[in-house]
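# Coordinates in review
Listed here are the chains, written in short residue letters.
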Amino acid sequence: MTFRMCTMALDWAKLAVVLLVLGCLTDTSQGSRSAHEVLSHARQQLLDNITTGYDPRIPPGYETNTPITSAVQLYILSIDSISDSTMDFGMSMFIRQRWNDNRLTYTAFGGLKNLELDTKMIDSIWVPDLYIVNEKKAYFHVVTVPNKLMHIYPNGDVFYSMRVSGRFACNMHLHKYPLDEQRCSLRLESYGYSVETLLLRWNDLPVEKSPKLSLPQFEMGEITDHICDVTYAGVNYTCISMSVKLSRNYGYYIIQVFIPSILIVLLSWVSFWLNIDAVPARISLGLLTVLTMTTQSSGARATLPRVSYVKAIDVWMSMCLIFVFSALIEFAYVNVLARVEQRRRQTIKSRGQPPDDENGKTEEDSPPQKKGKFFKDAIRRERARNVDKLARIIFPLIFGIFNLCFWTVYIFWQPEEVIAAEKEMMLEG
């Protein structure tokens, strides 16, 4: 340690001589050109002095046994491709850190405010071993050069920034999908240093976002920051996290899912206005709506994970399928009631006896037993027509009540899992 201090004193003495020469040269007629050369040489000498005897493997404050505080700030460039099936999101950002390293102090000269290090020299300076806990896949940008910068100030403050893009896990609660809100977080920790060596803390302005930041499927809400120091294997490690609230834009689902499914349900009710004897038309209409509803239900849930709980889209699609299937069952019941007269006529013809109306007889000329059969058949056909008339009122009424309950519940209801997650974040903050 004494040897390093003597070496640094000697280097600073050399630098003082250089600065003295610089002052003399500025008084001469050709001083401007010489001053520029001396200033360039002085900066080079300063960089050599800073790195001479500097060990980037040892963190600042190691000798005094005091933790170094690194102030972290995130600048969000973009958030894209939020995936419900894999429960993750893509984000591009700048991670900025600021800490103090007393081994890098120097005396400013010639209007020098800070030293801007080249990317090749950054590896020779100690930096905090920050990593992102919920990162799935990430990378540093290296086109056309590594997107990193480091500024060193005279008092030893170090400003370090790097550009990172990747995919990060986001635990989503899809009970209200697609009327849901999600909270996606970013958790940063020190991988190897305990709180006795390094403390990660948020800057006064923790998170900034680009003014041009926009999301196609979500509205970006409030951003909250937390301190979440954790313990692994009995060792305390520093941790900070931030979470962003994302409200899903359900206009797309209104157009692509809800309105088409409502139209399919309304189409299934057309059979109630068709004649009870129009069997081919009513069967075709009923089967068409059932198959279409089944296909749309499968397509709407194809991009969702196979979770064990019921989602809002499941409730909607299931109820719409029940409505169109019930319309088909209603036709089957009406058809059973209406076929009695047709079966009676076919039975009489098969025995070689023409129906009474074909013999010129009316219902009044028929015997009492046949009058009872005519009357009974008329009652059955009238009952079938009444079932259709009743369905024209009952089906729209029940579907309207279901819509009222569905939209009221899923707009204002908050799942217990979401409430518990928000309380946990509040406790961390």
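Keep in mind it's a predicted model, so treat the numbers as computed, not measured. (Residues numbered from 1 in each chain as written. Predicted model: local features only at pLDDT ≥ 70, side-chain atom pairs only at ≥ 80, totals over all residues. Heavy atoms only, no water.)

### Re the overall build of the chain
Our working rule: In this text, helices come from DSSP runs of H or I with a minimum length of four residues, and strands from runs of E with a minimum of two, each type numbered from the N-terminal end. Only protein chains enter the area calculation, which uses a 1.4 Å probe; residues under 20% of their type maximum are buried, those over 50% are exposed, and those in between are partly exposed. Residue contacts are defined here by distance: any two heavy atoms, one from each residue, within 4.5 Å place the two residues in contact. Each accessible area is a Shrake-Rupley estimate made with a 1.4 Å probe; only the visible protein chains count as cover when residues are assessed.
Across its full length, the chain holds 8 helices and 12 strands. Taken across its 429 residues, the chain has 40% of its residues classed as buried. Across the chain, the fraction of contacts at a sequence separation of at least 24, relative to all contacts at a separation of at least 6, is 77%. Surface accessibility of the chain: about 24,300 Å² in total, with carbon and sulfur atoms responsible for 59%.

### Here we look at unusual backbone geometry
Of the consecutive residues Val 143 and Thr 144, the connecting peptide bond is found in the cis state with omega at -5°. Within the secondary structure layout, Thr 144 lies in the loop between strand S5 (135-140) and strand S6 (148-152). A cis amide bond, omega 5°, links Tyr 177 with the succeeding residue Pro 178. Within the secondary structure, Pro 178 sits in the loop between strand S7 (157-169) and strand S8 (181-194). Although it is not a glycine, Asn 65 sits at a positive phi angle of roughly 60°. Here Asn 65 shows up in the loop between helix H2 (31-51) and strand S1 (68-83). A residue is classified by how much of its surface remains accessible, and Asn 65, at 63% relative accessible area, is exposed. The backbone of Met 87 shows a phi angle near 55°, a positive value even though the residue is not glycine. You can see Met 87 is positioned in the loop between S1 and strand S2 (88-100).

### Observations concerning the packing of aromatic side chains
Which entries qualify depends on this criterion: In this analysis, rings of Phe, Tyr and Trp, with Trp reduced to its six-membered ring, are considered paired at centre separations within 6.5 Å, and the interplanar angle assigns stacked below 30 degrees, edge-to-face beyond 60, and tilted for intermediate values. Criterion for a charge above a ring: Arg CZ or Lys NZ at most 6 Å from the ring centre, at most 35 degrees from the ring normal.
In the structure shown here, the tally under the stated rule is 24 aromatic pairs. On the basis of an interplanar angle of 40° and a centroid distance of 5.9 Å, the ring pair of Tyr 232 and Tyr 237 is categorised as tilted. Seen in terms of ring centroids, Tyr 410 and Trp 413 are 5.9 Å apart; in terms of plane orientation they differ by 85°. Their pairing is edge-to-face. Residue classification places Trp 413 among the partly exposed residues on the basis of a relative accessible area of 36%. Chaining the aromatic ring pairs together yields one cluster made of Phe 258, Trp 269, Trp 316, Phe 323, Phe 399, Phe 402, Phe 406, Trp 407, Tyr 410 and Trp 413. Sitting over the face of the ring of Phe 140, Lys 148 holds its NZ or CZ atom 4.8 Å from the ring centroid.

### Some details on the nonpolar core
Rule in force here: Each nonpolar core is a collection of buried residues, namely Ala, Val, Leu, Ile, Met, Phe, Trp, Tyr and Cys, held together in the definition by side-chain atoms within 4.5 Å.
Counting 81 residues, the largest nonpolar core has Met 91, Ile 95 and Met 150 as its most contacted members. Of all the elements, helix H6 (residues 312-350) adds the most residues to this core, at 9 residues. Ile 276, Val 334, Leu 337 and Ala 384 belong to the second-largest nonpolar core, a separate cluster that totals 5 residues.

### Brief notes about the side chain of Ser 70
The condition is simple: Under the rule applied, a polar contact is a pair of N or O atoms within 3.5 Å (in protein, one hydrogen donor and one hydrogen acceptor; residues adjacent in sequence only if both atoms are side-chain atoms).
Turning to its location among the elements, Ser 70 is positioned in strand S1. Assessed through its relative accessible area of 0%, Ser 70 is described here as buried. At a separation of 3.3 Å, a polar atom in the side chain of Ser 70 contacts the side chain of Gln 97. Not counting residues within four places of it along the chain, the set of residues in contact with Ser 70 comprises Gln 97, Arg 98, Trp 99, Pro 128, Leu 198, Leu 199, Leu 200 and Arg 201.

### Considerations on the pattern of salt bridges
Formally: Salt-bridge detection follows one rule: a side-chain nitrogen of Lys or Arg within 4 Å of a carboxyl oxygen of Asp or Glu.
Counting across every chain of the model gives 16 salt bridges. We note a salt bridge from Asp 55 to Arg 57, for which the minimum N-O separation is 3.0 Å. Residue Arg 57 is classed as exposed on the basis of its relative accessible area, which comes to 68%. Linking Glu 330 and Arg 282 is a salt bridge whose minimum nitrogen-to-oxygen distance equals 3.5 Å. With Glu 330 in helix H6 and Arg 282 in helix H5 (residues 279-300), the pair connects residues that are 48 residues apart, well separated along the chain.

### Here's the deal with H5
The test is simple: Helix span, as expected, comes to 1.5 Å for every residue beyond the first. Throughout, the arc means the angular range of directions from the helix axis out to the C-beta atoms.
If you check H5, its first and last C-alpha atoms are 32 Å apart, about what 22 residues at 1.5 Å a residue would give, namely 32 Å. Turning to H5, its buried residues are Arg 282, Leu 285, Gly 286, Thr 289, Val 290, Met 293, Gln 296, Ser 297 and Ala 300. Buried residues of H5, seen end-on, are gathered within an arc of 135° and therefore sit on one face of the element. Facing away from the buried side of H5 by over 90 degrees, the exposed positions are Pro 280, Leu 291 and Thr 295.

### Side note on helix H4 (residues 251-268)
Going by this rule: Two axes enter the bend calculation: one fitted to the seven residues ending at the residue in question, the other to the seven starting there, and the bend is the angle between them.
The first and last C-alpha atoms of H4 sit 25 Å apart over 18 residues, in line with the 26 Å expected at 1.5 Å per residue. Taking the largest bend as the criterion, H4 deviates by roughly 30°, centred on Phe 258, and proline Pro 260 comes between one and four positions later. Those residues of H4 that fall on the buried side of the exposure criterion are Tyr 253, Val 257, Phe 258, Ser 261, Ile 264, Val 265 and Ser 268.

### Description of the environment of Arg 163
Mapped onto the fold, Arg 163 is located in strand S7. Between the C-alpha atoms of Arg 163 and His 141, which are 22 residues apart in sequence, the distance is 6.2 Å. Excluding anything up to four places from it in sequence, Arg 163 contacts Leu 77, Ser 92, Met 93, Phe 94, Tyr 139, Phe 140, His 141 and Asn 147.

### Considerations on the environment of Val 387
Relative to the elements of secondary structure, Val 387 occurs in helix H7 (residues 368-412). Counting along the chain gives 57 residues from Val 387 to Glu 330, while the straight-line C-alpha distance between them is 8.2 Å.

### So, the confidence of the model for the chain
Using the following cut-off: As a per-residue measure, pLDDT reflects the predictor's confidence and takes values from 0 up to 100.
With 80% of its residues at a pLDDT of 70 or more, the chain shows a mean pLDDT of 82. Of all secondary-structure elements in the chain, the lowest mean pLDDT belongs to helix H1 (residues 2-25), at 45, while S7 reaches the highest, 96. Overall, residues 1-7 carries pLDDT values under 50, and its contacts beyond four positions in sequence, including any with other chains, amount to 5 contacts. Segment residues 12-32 is flagged for pLDDT under 50; beyond a separation of four residues in sequence, or across chains, it makes 18 contacts in the model.

### Regarding a nonpolar patch on the surface
Cut-off, in case you're wondering: Here the term patch refers to residues with relative accessible area over 30% and no salt bridge, with like charges joined within 9 Å and nonpolar side chains (Val, Leu, Ile, Met, Phe, Trp, Tyr) within 5 Å.
Together, Leu 390, Ile 393, Ile 394 and Ile 398 make up a nonpolar patch on the protein surface, roughly 370 Å² of accessible area in all. By the element assignment, Leu 390 lies in helix H7.

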